[in-house]
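Observations on the three-dimensional arrangement
Below are the chains, spelled out letter by letter.
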Amino acid sequence: MLMITCPWCGEREQIEFSAGGQAHIARPEDPAKLSDEEWGAYIYVRDNPKGVHFERWVHSHGCGKWFNAVRHTVTDVFWDVYTMGEEKPWVPEDWDGLTTRAQYETAKTAGQTAEGGEQK
Amino acid sequence: MTKYSIFSLIRNALSYHENWQKAWRSPDPKPEYDVIIVGGGGHGLATAYYLAKECGITNVAVIEKGWLGGGNTGRNTTIVRSNYLWDESAALYDHAVKLWETMSQDLNYNVMFSQRGLLHLAHNVHDMQEIGRRGHAIKLNGIDSEFISPAQVKEMVPFINLECRYPVMGALLQRRGGTARHDAVAWGYARAIDAMGVDVIQNCEVTGFKVEGGVVKGVETSRGYIGAKKVGVVTAGHTSVMAEMAGFRMPLESFPLQAFVSEPLKPVIDCVIMSNAIHAYISQSDKGELVIGGSGDPYVSYSQRGSFDQIEHVAGPVVELYPIFSRVRMMRQWGGITDVTVDRSPIITKTPVENLYFNCGWGTGGFKATPGSGHVFAHSIAKGEMHPIAAPFSMDRFYTGALIDEAAAAAVAH
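Not measured: the values here are computed from a predicted model. (Residues numbered from 1 in each chain as written. Chains lettered and ligands numbered in written order. Predicted model: local features only at pLDDT ≥ 70, side-chain atom pairs only at ≥ 80, totals over all residues. Heavy atoms only, no water.)

What follows is about unusual backbone geometry. Residue and element names in this part refer to chain B. One non-glycine residue, Ala236, lies in positive phi territory at about 45 degrees. Residue position: Ala236 is located in the loop between β11 (224–233) and α7 (239–246). Judged by its relative accessible area of 24%, Ala236 falls in the partly exposed class. One non-glycine residue, Gln304, adopts positive backbone phi at about 55 degrees. Tracing the backbone shows Gln304 in the loop between β15 (290–293) and α8 (308–321). (Helix = DSSP H or I, 4+ residues; strand = E, 2+ residues; numbered from the N terminus. Buried < 20%, exposed > 50% of the residue type's maximum accessible area, 1.4 Å probe, protein only.)

All names here are of chain B. Of note, Lys350 is situated in strand β17 (residues 347–350). Sequence-wise, Lys350 and Ser380 are 30 residues apart; in three dimensions their C-alpha atoms are separated by 8.9 Å. With residues near it in sequence (within four places) discarded, Lys350 still touches Leu356, Tyr357, Gly384, Glu385, Met386 and Met395. Here the side chain of Lys350 touches Gly384 through a polar contact of 3.0 Å, landing on its backbone oxygen. (Contact = heavy atoms within 4.5 Å. Polar contact = N/O pair within 3.5 Å; in protein donor to acceptor, adjacent residues only side chain to side chain.)

Residue and element names in this part refer to chain B. Counting 51 residues, the largest nonpolar core has Trp100, Tyr189 and Ile348 as its most contacted members. Looking at this core element by element, the count peaks at eight residues for helix α3 (residues 87–107). Not counting the four nearest positions on each side in its chain, Trp100 is found in contact with Val80, Val111, Phe113, Ala180, Val185, Phe367, Lys368, Thr370 and Pro371. (Core = buried A, V, L, I, M, F, W, Y, C linked by side-chain atoms within 4.5 Å.)

Scanning the entire structure with this criterion turns up 20 aromatic pairs over all chains. Pairing Trp100 of chain B with Phe367 of chain B gives two aromatic rings, centres 5.3 Å apart and planes at 50 degrees, and the pair type is tilted. Here the residue Trp100 of chain B occupies a position in helix α3, and Phe367 of chain B occupies one in the loop between β18 (356–360) and α9 (370–383), the gap between them amounting to 267 residues. Judged by relative accessible area, which is 1%, Trp100 of chain B ranks as buried. Their ring planes at 65 degrees and their centres at 5.4 Å tell us that Phe159 of chain B and Phe325 of chain B sit as a pair that is edge-to-face. Of this pair, Phe159 of chain B sits in the loop between α5 (150–156) and β6 (170–174) while Phe325 of chain B is found in the loop between α8 and β16 (330–340), placing the two residues 166 residues apart along the sequence. When sorted by exposure, Phe159 of chain B lands in the same class as Phe325 of chain B, which is buried. Joined through ring pairs, the aromatic side chains of Phe17, Trp57, Phe67 and Phe78 of chain A together with Tyr299 of chain B make up one cluster. (Phe/Tyr/Trp six-rings, centres within 6.5 Å; stacked < 30°, edge-to-face > 60°.)

This next bit is on the state of the cysteines. All names here are of chain B. Enumeration over the complete set of coordinates arrives at zero disulfides over all chains. Free of any disulfide, Cys360 has its nearest cysteine sulfur in Cys55, 20 Å distant. Cys360 sits in the buried class, given a relative accessible area of 1%. (Disulfide = S-S within 2.5 Å.)

This part covers the interface of chain B and chain A. Taken together, the 24 residues of chain B in the interface contact 24 residues of chain A. Together, Arg249, Tyr299 and Tyr399 of chain B form the three largest contributors to the area buried by chain B at its contact with chain A, with a combined 29%. Between Arg249 of chain B and Asp47 of chain A there is a salt bridge, with its nearest N and O atoms 2.5 Å apart. At the surface where chain B touches chain A, the tally comes to ten residue pairs in polar contact (both at pLDDT 80 or more). For the side of chain B that touches chain A, the secondary-structure elements that each account for two or more residues are α7, β12 (253–262), α8 and α10 (397–400) of chain B. (Buried area = accessible area lost by both parts, 1.4 Å probe. Salt bridge = Lys/Arg side-chain N within 4 Å of Asp/Glu carboxyl O.)

Now for the environment of Tyr4 of chain B. All names here are of chain B. With respect to the secondary-structure elements, Tyr4 resides in the segment before α1 (6–14). The class of Tyr4 is partly exposed, set by a relative accessible area of 28%. Separated by 106 residues in sequence, Tyr4 and Asn110 place their C-alpha atoms 9.5 Å apart. Each residue touching Tyr4, except ones within four places of it in the same chain, is listed here: Trp20, Ala23, Asn108, Tyr109 and Arg191. In terms of polar contacts, Tyr4 uses its side chain to reach the side chain of Arg191, at 3.3 Å.

What follows deals with the sheet that holds strand β5 (residues 66–72) of chain A. Residues and elements named next belong to chain A. Taken together, the four strands give an open sheet; going across it, the order is β3-β4-β5-β6, and neighbouring strands pair in antiparallel fashion. In the strand order of this sheet, the two ends are held by β3 (18–22) and β6 (78–83), each with one partner. When strand polarity is set aside, the average angle formed by the axes of neighbouring strands in this sheet is 30 degrees. As paired strands, strand β4 (residues 52–58) and β5 are joined by seven bridges and run antiparallel to one another. When the sheet's bridge partners are listed, Phe54 is paired in β5 with Val70. (Pairing = 2+ DSSP bridges. Axes fitted to C-alpha atoms, helices over the stretch in contact; angles between N-to-C directions.)

In this structure, His53 of chain A sits in strand β4. For His53 of chain A, the side chain forms a polar contact with the side chain of Glu55 of chain A, separated by 2.8 Å.

Here the focus is the confidence of the model for chain B. For any part of a model where pLDDT is low, the fine detail of the predicted coordinates should not be relied upon. All names here are of chain B. Counting all residues, the mean pLDDT for chain B is 94, and 98% of those residues have values of 70 or more. Confidence drops under a pLDDT of 50 for residues 409–414, and excluding neighbours within four residues, the segment shows 25 contacts in the predicted structure. If you check the scores for this complex, the pTM reads 0.94 and the ipTM reads 0.91. (pLDDT = per-residue confidence, 0-100.)

Moving on to helix α6 (residues 182–195) of chain B. Residue and element names in this part refer to chain B. Between its first and last C-alpha atoms α6 spans 21 Å; for 14 residues at 1.5 Å apiece the expected length is 20 Å, and the two agree. With eleven of 14 residues buried, α6 is to be regarded as a mostly interior element. For α6, every residue scored as buried is listed here: His182, Ala184, Val185, Ala186, Gly188, Tyr189, Ala190, Arg191, Ala192, Ile193 and Asp194. Summarising the contacts, the buried residues of α6 are in contact with α2 (42–54), β2 (60–63), α3, β8 (199–201) and α9. (Expected span 1.5 Å × (residues − 1).)

Before going further, it helps to examine the sheet that holds strand β5 (residues 146–148) of chain B. All names here are of chain B. Read across the sheet, eight strands follow the order β5-β6-β4-β13-β14-β15-β12-β16 without closing on themselves; strand pairing throughout is mixed. Two strands lie at the open edges of the sheet, namely β5 and β16, each paired on one side alone. Within the sheet, the average angular offset between the axes of one strand and its neighbour, ignoring direction, is 20 degrees. When strand β14 (residues 280–284) meets β15, the two strands line up antiparallel, connected through four bridges. When the sheet's bridge partners are listed, Ile282 is paired in β15 with Ile292. The sheet contacts of helix α4 (residues 125–140) involve β4 (118–122), β5 and β6, and relative to β6 the element is tilted by about 25 degrees. Where α8 meets the sheet, its contacts fall on β4, β12, β14, β15 and β16, and the angle it forms with β12 comes to roughly 45 degrees.

Here it is in structure tokens:
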């Protein structure tokens, strides 16, 4: 079972959550000024990346709150969760989705220490 | 190509089946083709088949990242039907069913198409209203459809539990619906197009498009650059990835959809039974396995696995409806990546790049349309304008507003 960390409730099973699709889609300021193509794109076109995906979830069978998350769509591993209104977290380009953020950062730190050691 | 027949079977039996020729070659890519089809699944192979057979274009390559039919063609639950609500969908899917009916003869390859009948169960008043509306719409489109009572369902499926938590109140029956052997569809098409001179190139991944002045000139692949006058992209779940390479975006999201099969049993179900309301559909393969499918995962993913909770979500209703299966063991489980549009109808379309065509968005129900999809797509590519059956499925509909909203009728039941 996919485990998802709700920013308020902590780690819970995926069945407690509902997926809300791509995050950070801003409603156009003046929809009346949009062409049909632009409005259609706003309504229907989604990023759908094979890789890092910024997305919304709602803890529907828990606190009921919406939040954002970053997940790798090949491995379904989450990089981070963050609350609505927060900035997108930084995701390193070489993150392949096979490790969690903690594992990635530990490996990076270990790598840097090793490199530093070699220089000495 | 040696024709398969009873005589070739006897001849090869005499040499202990050691001398069957390969069904298709494994050619190296030529520098340029008239048409390149990206994606060696059923739809892509069918497109190449109709390009060669009906449009006279045989300088064609089908380029496949992995092996033939290794994507959704080999991962679906093999159901074929055409009982759709809207006229546009009915035209497209019934076009396919008609081609299914002669496919084994056309290809000289047994695709084991079996029109064993397909039941859509209704479990509540709303289901009854839905099948009422859809059933009449289907009949008006000249497609076979019958309303049947719970007693008639019981006659067809004697072990069904009609008085379960969501009791069976009626059903819609399409007798021309049924199943086909999915791998055979890919292999049969590959063998037929190979015989007509089409190159089937496996283990060759498209990594980019060469576009000059808004016109596609060829594709970059893991085996080098290949030029093409026209390119048709039929890559199902990976369509958004291909579109990004070509420089535009598609109104698609990719979701895993999983299925599973049981251990082989003696013949027990001689039709296909689907249930939209409780997300379970079931049939029995000729090997005897129960083939079971349900709804897709709710989040975008390319994992080709499917989430764990969906297994219970599908197995629960199956056991409730068919208590006889409660102790059957499941043998295999897998997932495919479905490219889903918001109106649950496919996209067969020209694109912002000239001579680049996309056939995608078949979502959770593409297998049934394989020959029809290939047929209309081939004619569209050959002529440079969309086939009349394909025209309503253009990607323009997402801003003109002319959506073909099959979501209500087809929801998850594919």
